[in-house]
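# Residue-level structure breakdown
The residues making up each chain are set out below.
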Amino acid sequence: MLSIRSFTPADIPAGLALCRAMQWNQLAIDWEMFLRLNPDSCCAAFDGEALVGTVATVSYDARFSWIGMMLVAPHMRRQGVGTMLMSNALEILQAQETVRLDATPVGREVYLKMGFVDEYPLHRMHATIAENEWLDSPARPMQREDLAKLRDLDFNVFGANRVQLLEWLRADAPEYAWVVDGPSGIAGYCLGRHGYSFEHLGPVIAPDLTTTQHLVSACLRHQIGKPFLVDATPHNTSWIPWLNSLGFTEQRLLMRMYRGANRYPGEPENQFSILGPEFG
């Protein structure tokens, strides 16, 4: 007997068990952040007392919202659980002009029927970091006060305010937080976070590939032996080949999609790696 209700802090252990069953990378801190951003933003589907599906939503100002953490237990697929959760998420976001998400190939077919359209693909790359001939980088570790300086840069590239998320990333994983200074302020930055099976590098925001290479080199040269994910955008045709040269290979393809006007797409050509499919 299926039912849906709000996802609460008490549901985090069951949500993590579902993540492990699906081989997803999230930790408890990720669920906690969704609940911090909006306590009523997450939904859970139950078969009796057992949690069998989840979905989370985030609203970025009044510009657009995001849907993530769409999980359905393997034994409950093709029983309408995902459709119920997605319909519930869209009802939560019904006042929003634009809803966006990052879809797997299977999910994309479902979302197309719900009025979503393709924006651009994302390439999930993975590697265990090895010794490489890293660039001699001018990047420096990000300081707390830098967050205020890069706020406008991130706003323009992402398309909305997500300072709370950036603060969270730097506080939880300062070793992955780097900036490159330019003539008029911070030219580019990278952040990252911890995961169950992989560390995750992103977002990486920069005006060009060279700045991106400096940021990634500064960060990863200190992470030898760690497994990493990068959700890479396709806009610079030399970016993914450069990741390949570092040992990264494609794990899977995702598709960024949206429903509605999409009046605030940001500057995707300057976002080389996203924060993650669950947050945008």
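Residues numbered from 1 in each chain as written. Predicted model: local features only at pLDDT ≥ 70, side-chain atom pairs only at ≥ 80, totals over all residues. Heavy atoms only, no water.

## A short note on the overall build of the chain
When you go through the chain residue by residue, the secondary structure sums to 8 helices and 13 strands. A compact globule built from 280 residues should have a C-alpha radius of gyration of about 19 Å, and the chain, at 18 Å, falls within 12% of that. Projected onto the principal axes, the alpha-carbon positions of the chain cover approximately 60 × 40 × 35 Å. For the chain, with 280 residues in total, the buried portion stands at 53%. Looking at the chain as shown, the accessible area adds up to about 12,100 Å², and 51% of this sits on carbon and sulfur atoms. Distance between charge centroids for the chain: 3 Å, based on 23 positive and 31 negative side chains. (Helix = DSSP H or I, 4+ residues; strand = E, 2+ residues; numbered from the N terminus. Rg over C-alpha atoms; globule rule 2.2 N^0.38 Å. Buried < 20%, exposed > 50% of the residue type's maximum accessible area, 1.4 Å probe, protein only. Areas by Shrake-Rupley, 256 points an atom, 1.4 Å probe, with all protein chains shown as cover. Lys, Arg positive; Asp, Glu negative; His and termini not counted. Charge placed at Lys NZ, Arg CZ, Asp CG, Glu CD.)

## Comments concerning the pairing of strand β2 (residues 42-47)
Most of β2 is tucked away: 5 of the 6 residues are buried. In this sheet, β2 lies alongside strand β1 (residues 2-6) in antiparallel orientation, the contact comprising 5 bridges. Each bridged residue has a counterpart across the sheet, and for Ser6 the counterpart in β2 is Cys43. For β2 and strand β3 (residues 50-60), the ladder comprises 6 bridges, and the chain directions are antiparallel. (Pairing = 2+ DSSP bridges.)

## Examining the packing of aromatic side chains
Enumeration over the complete set of coordinates arrives at 12 aromatic pairs. With 4.4 Å between their ring centres and 10° between their planes, Phe34 and Phe279 make a pair best called stacked. Linking Phe34 in helix α2 (residues 28-37) with Phe279 in the segment after β13 (271-273), this pair joins segments that are 245 residues apart in sequence. The ring of Tyr196 has Arg20 lying over it, and the distance from NZ or CZ to the ring centre is 3.9 Å. Between the NZ or CZ atom of Arg100 and the centre of the ring of Phe64, over which it lies, the distance is 4.7 Å. (Phe/Tyr/Trp six-rings, centres within 6.5 Å; stacked < 30°, edge-to-face > 60°. Lys NZ or Arg CZ within 6 Å of the ring centre and 35° of its normal.)

## Thoughts on the side chain of Glu199
Secondary-structure assignment places Glu199 in strand β10 (residues 199-205). It is Lys226 that comes nearest to the buried, bridge-free Glu199 among opposite-charge side chains, at 4.9 Å. Looking at Glu199, its side chain comes within polar contact range of the side chain of Tyr176, at 2.6 Å. When residues no more than four places from it in sequence are discounted, the contact partners of Glu199 are Tyr176, Arg193, His194, Lys226, Pro227, Phe228 and Leu229. (Salt bridge = Lys/Arg side-chain N within 4 Å of Asp/Glu carboxyl O. Polar contact = N/O pair within 3.5 Å; in protein donor to acceptor, adjacent residues only side chain to side chain. Contact = heavy atoms within 4.5 Å.)

## Considering the pattern of salt bridges
On inspection of all chains with the given rule, the structure shows 13 salt bridges. Salt-bridge contacts for Asp102 lead to Arg256; the nearest nitrogen and oxygen are separated by 2.8 Å. In this pair, Asp102 sits in strand β5 (residues 98-103) while Arg256 sits in strand β12 (residues 249-260), placing the two residues 154 residues apart along the sequence. Since its relative accessible area comes to 12%, Asp102 is described here as buried.

## Some words on the side chain of Asp146
Within the secondary structure layout, Asp146 lies in helix α5 (residues 146-158). Its relative accessible area of 1% is what places Asp146 among the buried residues. When residues no more than four places from it in sequence are discounted, the contact partners of Asp146 are Arg140, Pro141, Val179 and Ile186.

## Side note on the packing of α5 against helix α6 (residues 163-172)
Direction vectors running N to C along α5 and α6 enclose 130°, while the axes themselves pass 11 Å from each other. One finds that α5 runs oblique with respect to α6. Note on packing geometry: the crossing formed by α5 with α6 is right-handed. On α6, the residues that touch Leu147, Leu150, Arg151 and Asp154 of α5 are Val163, Leu166, Glu167 and Arg170. A breakdown of the residues in the contact of α5 with α6 according to their chemical character gives 4 nonpolar, no polar and 4 charged. (Axes fitted to C-alpha atoms, helices over the stretch in contact; angles between N-to-C directions. Parallel < 35°, antiparallel > 145°, perpendicular 65-115°, else oblique. Left-handed = near helix turned anticlockwise from the far one by under 90°. Nonpolar A, V, L, I, M, F, W, Y, C, P; charged D, E, K, R; others polar.)

## Some thoughts on the environment of Ser65
Tracing the chain through its elements places Ser65 in strand β4 (residues 64-72). Between the C-alpha atom of Ser65 and that of Cys19, which follows or precedes it by 46 residues, the distance is 22 Å. If near-sequence neighbours (up to four positions away) are discounted, Ser65 is found in contact with Val58, Ser59, Tyr60, Leu93, Gln96, Thr98, Val99 and Arg100. Within the structure, the side chain of Ser65 is placed 2.9 Å from the side chain of Ser59, a separation counted as a polar contact.

## Here we look at the environment of Pro105
Positionally, Pro105 belongs in helix α4 (residues 105-113). Each C-alpha atom, one on Pro105 and one on Leu35, is 27 Å from the other, the two residues being 70 residues apart in sequence.

## Examining the pairing of β4
The buried count for β4 comes to 9 of 9 residues, which makes it a mostly enclosed element. As paired elements, β3 and β4 share 7 bridges and run antiparallel to each other. Bridged to Thr57 within β4 is Ile67. One ladder, built from 3 bridges, connects β4 with β5; its direction is parallel.

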